[in-house]
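The primary structure of each chain is shown beneath.
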Amino acid sequence: MAITTFYGICLYCNKQVSKQQVNRHMQKHLEDKLLTSKPGKSFLLKIETNPAWGRTPYFLSLWVDGNAAMNDIDIYLRKIWLECCGHMSAFTNKKLKTARGSMWDFFEAEKLLQKGEIKEYENIMEETRGEIPKNRLTKDVLKKDMKIDYQYDFGSTTELQITVAEEFPVKADKTIVLLTRNEPPEILCHTCGKAPAVTVCTACYGEESFFCAKCAKQHAKSCSDFNDYAAMPVVNSPRMGVCGYTGGAIDKERDGVFVK
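Student: Could you clarify how one ought to interpret the overall build of the protein chain in this entry?
Tutor: In terms of helices and strands, the protein chain carries seven helices and eleven strands. For the protein chain, the proportion of its 260 residues judged to be buried stands at 47%. Sequence separation of at least 24 residues holds for 65% of the intrachain contacts in the protein chain that already meet a minimum separation of 6. Split by element, the accessible area of the protein chain, about 13800 Å² in all, is 52% carbon and sulfur.

Okay, here's the thing in structure tokens:
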């Protein structure tokens, strides 16, 4: 069976680039920055849905400054892909969990607690579970080729994987720069099979659940939940149709329905 190729738009050169080639493409752009940017540290990140859940079209490339906190990445991901109801989230590193001794961490954490250093205590206990504290700076956490898991919402969870594709000895232009985002997936109406879908019925998710505006009106007549709660917009996000997610606040131009 042929493997589907997913594409995004490079926001530096406005050219189409495949999900498989995006790291190499963006590295060439950022290497030019070595001659003009201020000394420091920055990272090229590729963010996609967790591969363990299968291949999807969704991916982002971010250029992140080394002085950005992990919390800055969390906020950015919420704004562009995830935020619906203020759910909790976490970055985790499985290797970190196995590398640290849990008994040593427990006693060390207790000493810090007695000294009143609660913040550090929380950091150590987070790391014992493999969590990366969000107040850590990226320059103290990220390394080239590192892979980090990210979860948003521990009920209806959206799971992402963050890959550190490259690190550079210069500062980023901003705290976080959006370099590439996947094109809106080509989702056609399940009823007519012709027009782009604009609505997904979460009550019928997994069946005939995507509809164009015209067919959505017909579906509403047979689905009692559609107008009540189940009609959700088709958006360019792995969180589409989940919980109360209706779209992001960053890069709205590429957040909607694909143009046929």
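Read on for the rest.
Student: Whenever I open this one, unusual backbone geometry confuses me. Can you help?
Tutor: Working note: non-glycine residues mostly have negative phi, and peptide bonds are mostly trans. Located in the positive-phi region is Asn14, a residue other than glycine, with phi close to 60 degrees. Inspection of the secondary structure assignment puts Asn14 in the loop between strand 1 (7-10) and strand 2 (16-18). Overall, Asn14 belongs to the exposed group, its relative accessible area being 60%. Look at Cys243: it is not a glycine, yet its phi comes out positive at around 50 degrees.

Student: When you look at helix 1 (residues 22-31) in this model, what are you seeing that I'm missing?
Tutor: Since one α-helical turn is 3.6 residues long, residues separated by three or four positions face the same way. Those residues of helix 1 lying buried are Val22, Met26, Gln27, His29 and Leu30. The arc that holds the buried residues of helix 1, viewed along the axis, is 165 degrees, so those residues lie on one side. Away from its buried face, by an angle of more than 90 degrees, helix 1 presents the exposed residues Arg24 and Lys28. Each element contacted by the buried residues of helix 1 is listed here: strand 1, strand 2, strand 3 (39-49), strand 4 (59-65), strand 7 (158-170) and strand 8 (176-182).

Student: Help me understand empty space enclosed by the protein, please; the structure alone is not making it clear to me.
Tutor: The method is simple in principle: a probe with the dimensions of a water molecule rolls over the atoms, and the space it marks as empty is what remains. For the structure shown, the criterion picks out one cavity of 30 Å³ or more. Empty space within the largest cavity amounts to approximately 40 Å³. In terms of lining residues, the largest cavity is bounded by Pro184, Pro185, Ile187, Ala197, Val234, Val235, Gly256, Val257 and Phe258. Here the lining of the largest cavity is composed, by residue class, of eight nonpolar, one polar and no charged.

Student: How should the sheet that holds strand 1 be read in this particular structure?
Tutor: Whenever strands of a sheet pair, they do so through backbone hydrogen bonds, lying parallel or antiparallel. Sheet architecture is open: eight strands sit in the order 2-1-8-4-3-7-6-5, paired in antiparallel fashion. Both edges of this open sheet fall to strand 2 and strand 5 (89-92), since each of them pairs with a single strand only. This sheet shows a mean twist of 30 degrees between the axes of neighbouring strands, independent of strand direction. In the sheet, strand 1 pairs with strand 2 via three bridges, with the strands oriented antiparallel. Residue pairing in the sheet places Ile9 in a bridge with Gln16 of strand 2. On top of the sheet, helix 1 reaches strand 1, strand 2, strand 3, strand 4, strand 7 and strand 8; it is set at about 160 degrees to strand 3, its chief contact. Across the sheet, helix 2 (residues 70-82) is in contact with strand 3, strand 4, strand 5, strand 6 (147-152), strand 7 and strand 8; its angle to strand 8 comes to roughly 35 degrees.

Student: Looking at this structure, I do not really get the pattern of salt bridges. What am I missing?
Tutor: Here the idea is simple: oppositely charged side chains can pair when their charged atoms come close. Under the defined criterion, the tally for this structure stands at twelve salt bridges. Here Asp74 ties to Arg78 by a salt bridge, and the two come within 3.2 Å at their closest N and O atoms. With Asp74 and Arg78 both in helix 2 and four residues apart, the pair spans about one turn of that helix. Each member of the pair, Asp74 as well as Arg78, is classed as buried. Here Arg181 ties to Asp255 by a salt bridge, and the two come within 3.0 Å at their closest N and O atoms. Pair noted here: Arg181 is in strand 8 and Asp255 is in the segment after strand 11 (231-233), with a separation of 74 residues, a long-range link. Summarising the burial analysis for this pair, Arg181 and Asp255 share the class buried.

Student: Explain the environment of Ala68 here, please?
Tutor: With respect to the element layout, Ala68 can be found in the loop between strand 4 and helix 2. Taking relative accessible area as the criterion, Ala68 reaches 0% and is therefore assigned buried. Residues Ala68 and Thr175 lie 107 residues apart in sequence; the distance between their C-alpha atoms is 5.8 Å. Residues within four places of Ala68 in sequence aside, it is in contact with Arg136, Leu137, Thr138 and Thr175.

Student: I'm lost on the side chain of Glu48 in this one. Help?
Tutor: Examined against the element boundaries, Glu48 turns out to sit in strand 3. Ignoring any residue separated from it by four or fewer positions in sequence, one finds Glu48 in contact with Lys19, Tyr58, Phe59, Leu160, Gln161 and Thr163.

What counts and what doesn't
Residues numbered from 1 in each chain as written. Predicted model: local features only at pLDDT ≥ 70, side-chain atom pairs only at ≥ 80, totals over all residues. Heavy atoms only, no water. Helix = DSSP H or I, 4+ residues; strand = E, 2+ residues; numbered from the N terminus. Buried < 20%, exposed > 50% of the residue type's maximum accessible area, 1.4 Å probe, protein only. Contact = heavy atoms within 4.5 Å. Areas by Shrake-Rupley, 256 points an atom, 1.4 Å probe, with all protein chains shown as cover. Arc of directions from axis to C-beta. 1 Å grid on protein atoms, 1.4 Å probe; cavity = no way out; pocket = protein on both sides within 12 Å on 5 of 7 lines; lining within 4 Å. Points joined across faces, edges and corners; volume = space filled by probe spheres on them. Nonpolar A, V, L, I, M, F, W, Y, C, P; charged D, E, K, R; others polar. Pairing = 2+ DSSP bridges. Axes fitted to C-alpha atoms, helices over the stretch in contact; angles between N-to-C directions. Salt bridge = Lys/Arg side-chain N within 4 Å of Asp/Glu carboxyl O.

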